[in-house]
Amino acid sequence: MPTPKLLTRAEATDYQETSRSADVVAFVDALCAQTKLAKRVDFGQSGEGQPLMALILSDSNCFTPELANKQKKIIVMVEANIHAGEVEGKETLQALARDLTLTSLGKTLLDRLCLVFVPNFNPDGNDRISKGNRALDLKNLEGQVNPPGGVGMRYTGEGWNLNRDNMKQEAPETRAMAKLYQTWWPHLFVDCHTTDGSIHGFDLTFDIPHGNADLMHTSRGANRELAERVSAAVKKKHGFDSFWYGNFLKEGDPTSGWHTYPALPRFGSHYRGLLGRLDVLLETYSYIDFPRRCAVIRAWVLELIRDAARYAKDYRTATSFEEATIIARGKSPDAKEWVGINFGVAQRDAEGALVFDYPAYVLGKDIAAINSFDEASIQARRYPGKRKKVYKTPHYRTFVPTQSVSTPSAYLVPASLASRLEGHGIRFEKLSKAQRFQVDSYRIARREQTFSPDVAANVPPPGQDEVPLSQKPKPVRFETILTVAPERSEREFPAGTLKVPTDQRTGTLITYLLEPHSDDGFCRWQFLDDSLTVGELYPIHRVVEATRPPLKVE
C-alpha cells in the first residue's frame, strides 16, 4: 500500500487551522519513520513540561555537529513559533522538511548542509489557541489576518517573551535553546516571525544583527550581502516583494523615514550577532492572508538554504574570521577597539520616571525605497490602499552607542553568577586561593529603576485572549540603572572568585553582559541587586594587563 501523503494541520484543513504542539510531534515522528534523512532530537522541556524538539536534516547519517564539521557541511539552524501567534514558520518548517527529504527538492542541498529545524519553540504559548489572539486591528496597526480556527499567544505559558530573553535567560525554553545553539554553533541562524505595524506593500521584511557593526564588520558585511542576495532570489523565483525590516519614523507620514528596531541583544538576532555568527530575521506581513504568509516564508527559508549551499566557502570564511578576531581581542586587548554596550537615550516621563529610547540614525545618504500606497490610504490605515506608490525616504538603521568600553583580558566576577555564565556557554575558572590583581573598578554614584516593556506578561487562563500591546498591559518586569565612575586599584580577591577570560568565542558577549552601564547585562536585569550599594564598588572588576616599566630617561 502506498504511504499516505504527510500533511501539516494547516494543509489538511486548507489553512483554516494551525498545528497544535501534539500535531507537530506526530508529524516529525511520522517523517522520521519514512526517511533516513531526518532525525528528531529533543533538547529540553517547556515551562509546562512539553518537549522542545529539533528536526535534523542531512544525508550520510550526519545528525551531530561533530559529523557536520567533519564532513565540512554548513550548519543552518531555523527557529519558528518563538512568538506562538506567529505560526507561519511552524507550518512551513514541517512541510519544507517533508519536501526536502521525501522529494527531489533536497537532492543537491542535504549533501552540503546540515539543517537544524526547531518548528515549535514555544509549545505552551502555541496551545493557548484563541480566535481573539492577535485579532486584526488596523486602527491600532496591530494583529493579523488569522486562520479562522485561531492562533496561540505571544508569550510562553509562564509569561515570558522569548525574543526579549536572550541576555537574561529567565525562561527554560531560552536556556534550552542556548545550549542547543552552543552545541551546534551554526554558521547561519534564521528566526521566523510575523509583524504588523506601518502600512506598506511588502510581503515580508527582513533584517540582520545591529549594533557594533564597525567592530564586527566582516560578519556584518557578509550578512548584509547574503540577505540582499536572497531577497533578490525570492523575488525572481517566487514573485514576493521583500525589504529591510522597519516602520515609518512618524506613523502616517511615509516621507519621515524608515526606522528599524532597537539594537538591544535581548533580541535574538542581535544576541547572535555579538557572537560573530550570521543571522537573518524574517517577518512576514500580518495584513496579507495566512496562506500567502506561509508561502513567502517558505520561499525565504528555501532560498536561504540554497544560498548557504552555494556560498558555503563565504559563510565559513566570514564566521571563522570573526570568531578568531573576537578571541584575539581578548588575548591582546587594544584600548582603541571599543565595544558598544549601551545604545539607549534616557528621558523622563510626565511623572519623572526614567524611560529609554533606542534610536537608529541615517548613515550618509542611506535611502529606503518603500513600496506602499497613497498617503490618504496610509493615514486612514487602510490595507490594501487604493493606489500603489513608492516612497524614497531616509533609512534609519545605523546605531551609535551612548556607552562604549574596551575589552579587558578578563573580568573578576562573584561566584553567584556561575550558573548564568554557564548558560551563555562562557568559560571561567575559580580562584583556588586569594589573589591580588590590578583592576579597573566602578564606584556606584546613583541607582534607579525603569520599566521593561514587552518582556513579561500576566498570562490569561487557557481559552481567553491575550492583552494586545496597544492596551498597555500591566508592568511586570523592571530594570536596574546605575551611574558609575571608574577607578583603578590593586586589590585582593578571595578564593572562589570567578576569573572570566575574554579570549573565547563569547568574548564580546562577555563584555556586554558584565559591564555595569550595559543596557542589557546582568546588572541591568537585576541579578546583582543584592550587592549594589551607592557609594561602594560594583562587584565585577576588569583585570588590567601588566604594563612595561617606563624607559629610563638619561
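Preceding block: the structure.
These lines cover the structure that appears in this document, whether it is placed above or below.

Conventions adopted
Residues numbered from 1 in each chain as written. Predicted model: local features only at pLDDT ≥ 70, side-chain atom pairs only at ≥ 80, totals over all residues. Heavy atoms only, no water. Helix = DSSP H or I, 4+ residues; strand = E, 2+ residues; numbered from the N terminus. Rg over C-alpha atoms; globule rule 2.2 N^0.38 Å. Buried < 20%, exposed > 50% of the residue type's maximum accessible area, 1.4 Å probe, protein only. Contact = heavy atoms within 4.5 Å. Areas by Shrake-Rupley, 256 points an atom, 1.4 Å probe, with all protein chains shown as cover. Lys, Arg positive; Asp, Glu negative; His and termini not counted. Charge placed at Lys NZ, Arg CZ, Asp CG, Glu CD. Polar contact = N/O pair within 3.5 Å; in protein donor to acceptor, adjacent residues only side chain to side chain. Phe/Tyr/Trp six-rings, centres within 6.5 Å; stacked < 30°, edge-to-face > 60°. Core = buried A, V, L, I, M, F, W, Y, C linked by side-chain atoms within 4.5 Å. Pairing = 2+ DSSP bridges. Axes fitted to C-alpha atoms, helices over the stretch in contact; angles between N-to-C directions. Salt bridge = Lys/Arg side-chain N within 4 Å of Asp/Glu carboxyl O.

As a further point, take the overall build of the protein chain. When you go through the protein chain residue by residue, the secondary structure sums to 13 helices and 22 strands. Taking 554 residues into account, the globule formula puts the C-alpha radius of gyration at 24 Å, and the protein chain, at 24 Å, falls close to it. Dimensions of the protein chain, computed from C-alpha atoms along their principal axes, come out at roughly 90 × 60 × 50 Å. Residues counted as buried form 57% of the 554 residues belonging to the protein chain. Restricting the contact set of the protein chain to residue pairs at least 6 apart, pairs at least 24 apart contribute 78%. Carbon and sulfur atoms provide 50% of the accessible area of the protein chain, an area that totals close to 23,100 Å². When the 71 basic and 69 acidic side-chain charges of the protein chain are each reduced to a single mean position, those positions are 4 Å apart.

The next thing to look at is the environment of Trp244. Following the sequence through the fold, Trp244 ends up in strand β7 (residues 242-244). The class of Trp244 is buried, set by a relative accessible area of 5%. Each C-alpha atom of the pair Trp244 and Arg397 lies 9.4 Å from the other, and the pair is 153 residues apart in sequence. There is a polar contact of 3.5 Å between the side chain of Trp244 and the side chain of Glu228.

This part covers unusual backbone geometry. Geometrically, the link from Tyr383 to Pro384 is a cis peptide bond, its omega value of -10 degrees lying close to zero. Relative to the assigned elements, Pro384 resides in the loop between α11 (375-380) and β15 (388-396). The backbone of Gln169 shows a phi angle near 50 degrees, a positive value even though the residue is not glycine. Its location among the elements puts Gln169 in the loop between α5 (123-126) and α6 (172-184). What makes Gln169 buried here is its relative accessible area of 7%. A positive phi angle, near 70 degrees, is found at Gln526, a position not held by glycine.

Summed over all chains, the structure comprises 19 aromatic pairs. Between Phe343 and Phe399 the ring centres are 6.5 Å apart and the planes differ by 90 degrees, which places this aromatic pair in the edge-to-face class. Taken as a pair, Phe343 in the loop between β11 (338-342) and β12 (345-348) and Phe399 in the loop between β15 and β16 (403-406) lie far apart in primary sequence, 56 residues in all. Since its relative accessible area comes to 11%, Phe399 is described here as buried. Three or more aromatic residues joined by ring pairs make a cluster, and in this case those are Tyr285, Tyr287, Phe373 and Tyr383.

Bringing the nonpolar core into the picture now. In terms of nonpolar packing, the biggest core is built from 72 residues, with Trp184, Val413, Leu514 and Tyr538 touching the most fellow members. Leave out the neighbours within four places in its chain, and Trp184 touches Ile56, Phe63, Thr64, Pro65, Ala68, Ile75, Met77, Cys114 and Val116. In terms of nonpolar packing, the next biggest core, distinct from the first, is built from 64 residues, Leu6, Leu188, Ala368 and Ile378 among them.

On to the sheet that holds strand β17 (residues 410-413). Strand order across the open sheet formed by six strands is β18-β21-β17-β22-β19-β20, with antiparallel pairing between neighbours. Two strands close off the open sheet at either side, each with one partner strand: β18 (429-430) and β20 (478-493). Across four bridges, the pairing between β17 and strand β21 (residues 498-501) is antiparallel. Across the sheet, the residue bridging to Leu412 is Lys499, located in β21. Across the sheet, helix α13 (residues 507-514) touches β17 and β21, and the angle it forms with β17 is around 40 degrees.

Note on placement: Thr8 falls in the segment before α1 (9-12). Look at Thr8 and you get buried, because its relative accessible area is 1%. If we ignore the near neighbours within four places in the chain, the residues touching Thr8 are Ser19, Phe27, Glu91, Gln94, Ala95 and Arg98.

So, on to the pairing of strand β19 (residues 435-451). Here β19 runs beside β20; their pairing, made up of 16 bridges, is antiparallel. Looking across to β20, one finds that Phe451 is bridged to Phe478. Sheet analysis places β19 next to strand β22 (residues 541-543), joined by two bridges and oriented antiparallel. Following the sheet pairing, Asp440 is matched in β22 by Arg542.

Any two side chains of opposite charge can pair, given that their charged atoms come close. Across all of its chains, the model carries 40 salt bridges by this definition. Put simply, Arg272 and Asp191 hold a salt bridge, and the shortest N to O gap is 3.8 Å. On the criterion of sequence distance, the pair formed by Arg272 in helix α8 (residues 268-274) and Asp191 in strand β5 (residues 188-195) is long-range, its members being 81 residues apart. With a relative accessible area of 5%, Arg272 lands in the buried category. We note a salt bridge from Arg266 to Glu479, for which the minimum N-O separation is 3.1 Å. One end of the pair, Arg266, is in the loop between β9 (253-259) and α8; the other, Glu479, is in strand β20, with 213 residues separating them in the sequence. The network of salt bridges with shared partners includes Glu86, Arg134, Arg154, Arg164 and Asp454.

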